[in-house]
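One-letter residues, chain by chain:
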Amino acid sequence: MNTEKKPKDTVLVLGAGELGIQVLRAMSNKVQEHTDVKISVLLRSEAAYAISGSRKARLDELTKLGIAVVEGDLQENSIDELSELFAAFDAVINCSGFVGGPGTLIKITQAVFKAAVARYFPWQFGVNYDVVGKGSGQQVWDEQLEVRHLLRQQNATSWVIVSTGIFTSYLFEPGFGVIDAQSKTVCALGDWKHAVTLTTPEDIGKLTADIFFHQPTFKNEIVYIAGDTLTYSELADLMSAYWGIKVNRKLLDRQQLQGDAQHNPQDIGANYRIAFARPDGVAWSKRNTYNHRQRISTTTASQWLAKQHGM
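Under an unreviewed UniProt entry, the protein has the name Aromatic alcohol reductase and belongs to Pantoea sp. BJ2.

Here is the structure:
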């Protein structure tokens, strides 16, 4: 384990994708209030040295935000190699998502421990994996639960899990299979009373930065946030109002969802629909969230829809 004294208030954010860039923007804003904090971001070499296109635009933005770029590859680098990169930082915020493939999130967590990082925000921006448990239908969710076990088995690195529900936009993605804009159909997964919690990446970024700098410091805690929590029945009502017509309501019970997944093994959405067809673990009351307690406004599903065109 790396025991060298490392600079205080140095933060490494892993990734600058859909969520990472929002966290970086929000952290940069916070740094104006906490001038001693230095923010860096880990990018793969092709992103770190981009000379044109959207990656170049992203690099230019990071430069303007005062964020230093560290080169590394979460998928290809070993635990030892990642540990060497992480060892220079006091805190790591993992915004990498699931792109590294099976085992990557566990590898990152082990590298964080080996580097003796003082504070870690793992990629747990999702559901309550403790309640969901293993066998949800999602292999990556099983790995997320294993990461939680690893966090709790040690006490050298303090950790904070930010539970967000799903990204708001994903609920409305055709591939998820809940909302069909063409046929004006809303599907319920398992039961019309089942609910889902959702939050936009912008709100997750803002709240993650707020939670990071909150005093007293959060330590070894799960912090729940939410943009909105809706039952599928409430979602159908919302879409009816949004489209201005009576929507088709279709209940997909677990038997049908499991059959769909078996007949379409390549359909990622089919497995996700099984995972969300449950009464617990994937939703929580907005009244019980950090943003509600702190009176921080977040984007509801209705507000998100109001900003969309053509749905």
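Here the narrative resumes, following the displayed structure.
Q: Even after reading the chapter, I still don't get the sheet that holds strand S8 (residues 179-180), so can you show me in this structure?
A: Note: strands within a sheet are paired through backbone hydrogen bonds, in either parallel or antiparallel orientation. Read across the sheet, three strands follow the order S8-S9-S13 without closing on themselves; strand pairing throughout is mixed. Of all the strands in the sheet, just S8 and strand S13 (248-252) have a single pairing partner and so form its edges. The sheet contact formed by strand S9 (residues 185-189) and S13 spans five bridges and is parallel. In the sheet register, Ala188 faces S13, and the bridge partner there is Leu251. The sheet contacts of helix H11 (residues 254-263) involve S9 and S13, and relative to S13 the element is tilted by about 80°.

Q: Explanation requested: the pairing of S9 in the structure shown.
A: Two faces, one strand: in a regular strand the side chains alternate between the faces of the sheet. Taken across its five residues, S9 has five buried, putting it largely inside the fold. Going residue by residue along S9, you find Thr185, Cys187 and Leu189 tucked away on one face and Val186 and Ala188 tucked away on the opposite face as well. Counting the residues that bridge the hairpin from S8 to S9 gives four residues, and of these Lys184 lies at a positive phi of roughly 55°.

Q: Is there a simple way to think about the layout of surface pockets in this case?
A: In this approach, a probe sized like a water molecule rolls over the atoms, and the result shows the empty space that is left. Approximately 1100 Å³ is the volume found for the largest pocket. Lining the largest pocket are 41 residues; nearest its centre among them are Cys95, Ser96, Gly97, Phe98 and Val99. Looking at the lining of the largest pocket, the elements that each hand over two or more residues are strand S2 (38-43), helix H3 (53-64), helix H7 (139-152), strand S7 (166-167), helix H8 (168-171) and helix H12 (268-276). Ranked by residues supplied to the lining of the largest pocket, first place goes to H3 with four residues. The residue inventory of the lining of the largest pocket, partitioned by class, reads 22 nonpolar, 13 polar and six charged.

Q: Is there a simple way to think about empty space enclosed by the protein in this case?
A: All told, the structure shown has one cavity of 30 Å³ or more when counted by the stated rule. In this structure, the largest cavity spans a volume of roughly 60 Å³. Listing elements by their share of the lining of the largest cavity, those giving two or more residues are helix H5 (104-114) and H7. Each residue belonging to the lining of the largest cavity can be placed in one class, and the counts come to four nonpolar, four polar and one charged.

Q: Just checking my understanding: could you explain the sheet that holds S7 for this structure?
A: One open sheet holds the three strands; their spatial order is S7-S10-S12, and the pairing between them is mixed. The open sheet terminates on both sides in strands that have one partner only, identified here as S7 and strand S12 (228-231). As paired elements, S7 and strand S10 (residues 195-199) share two bridges and run parallel to each other. From the neighbouring strand, Phe167 faces S10, where its bridge partner is Thr199. In this fold helix H10 (residues 232-243) packs onto S10 and S12, with an angle of close to 100° to the strand it touches most, S12.

Q: Is there a simple way to think about the packing of helix H1 (residues 20-31) against H3 in this case?
A: Contact geometry for H1 and H3: axes closest at 10 Å, N-to-C directions at 20°. Our classification of the angle between H1 and H3 gives roughly parallel. Of the two elements, H1 crosses H3, and the hand of that crossing is left-handed. Along the contact surface, H1 presents Ile21, Leu24 and Arg25, while H3 presents Arg58, Glu61 and Leu62. Here the residues of the contact of H1 with H3 sort into three nonpolar, no polar and three charged.

Q: Just checking my understanding: could you explain the packing of aromatic side chains for this structure?
A: Two aromatic rings are characterised by how far apart their centres lie and by the angle between their planes. Per the stated rule, a full pass over the model turns up 14 aromatic pairs. Between Tyr170 and Tyr272, the aromatic rings sit 5.8 Å apart at their centres with planes inclined by 65°, giving edge-to-face as the arrangement. A residue pair is termed long-range when its members are at least 10 positions apart, and Tyr170 in helix H8 and Tyr272 in helix H12 qualify at 102 residues. Taking relative accessible area as the criterion, Tyr170 reaches 24% and is therefore assigned partly exposed. Grouped by ring-pair contacts, the aromatic residues Tyr129, Trp141, Tyr170, Phe176, Tyr272 and Phe276 constitute a single cluster. It is Arg119 that lies over the ring of Phe212; its NZ or CZ is 4.7 Å from the centre. For the cation-ring pair, Lys184 lies above Trp243, with the distance from its terminal atom to the ring centre recorded as 5.2 Å.

About the criteria used
- Residues numbered from 1 in each chain as written.
- Predicted model: local features only at pLDDT ≥ 70, side-chain atom pairs only at ≥ 80, totals over all residues.
- Heavy atoms only, no water.
- Pairing = 2+ DSSP bridges.
- Helix = DSSP H or I, 4+ residues; strand = E, 2+ residues; numbered from the N terminus.
- Contact = heavy atoms within 4.5 Å.
- Axes fitted to C-alpha atoms, helices over the stretch in contact; angles between N-to-C directions.
- Buried < 20%, exposed > 50% of the residue type's maximum accessible area, 1.4 Å probe, protein only.
- 1 Å grid on protein atoms, 1.4 Å probe; cavity = no way out; pocket = protein on both sides within 12 Å on 5 of 7 lines; lining within 4 Å.
- Points joined across faces, edges and corners; volume = space filled by probe spheres on them.
- Nonpolar A, V, L, I, M, F, W, Y, C, P; charged D, E, K, R; others polar.
- Parallel < 35°, antiparallel > 145°, perpendicular 65-115°, else oblique.
- Left-handed = near helix turned anticlockwise from the far one by under 90°.
- Phe/Tyr/Trp six-rings, centres within 6.5 Å; stacked < 30°, edge-to-face > 60°.
- Lys NZ or Arg CZ within 6 Å of the ring centre and 35° of its normal.

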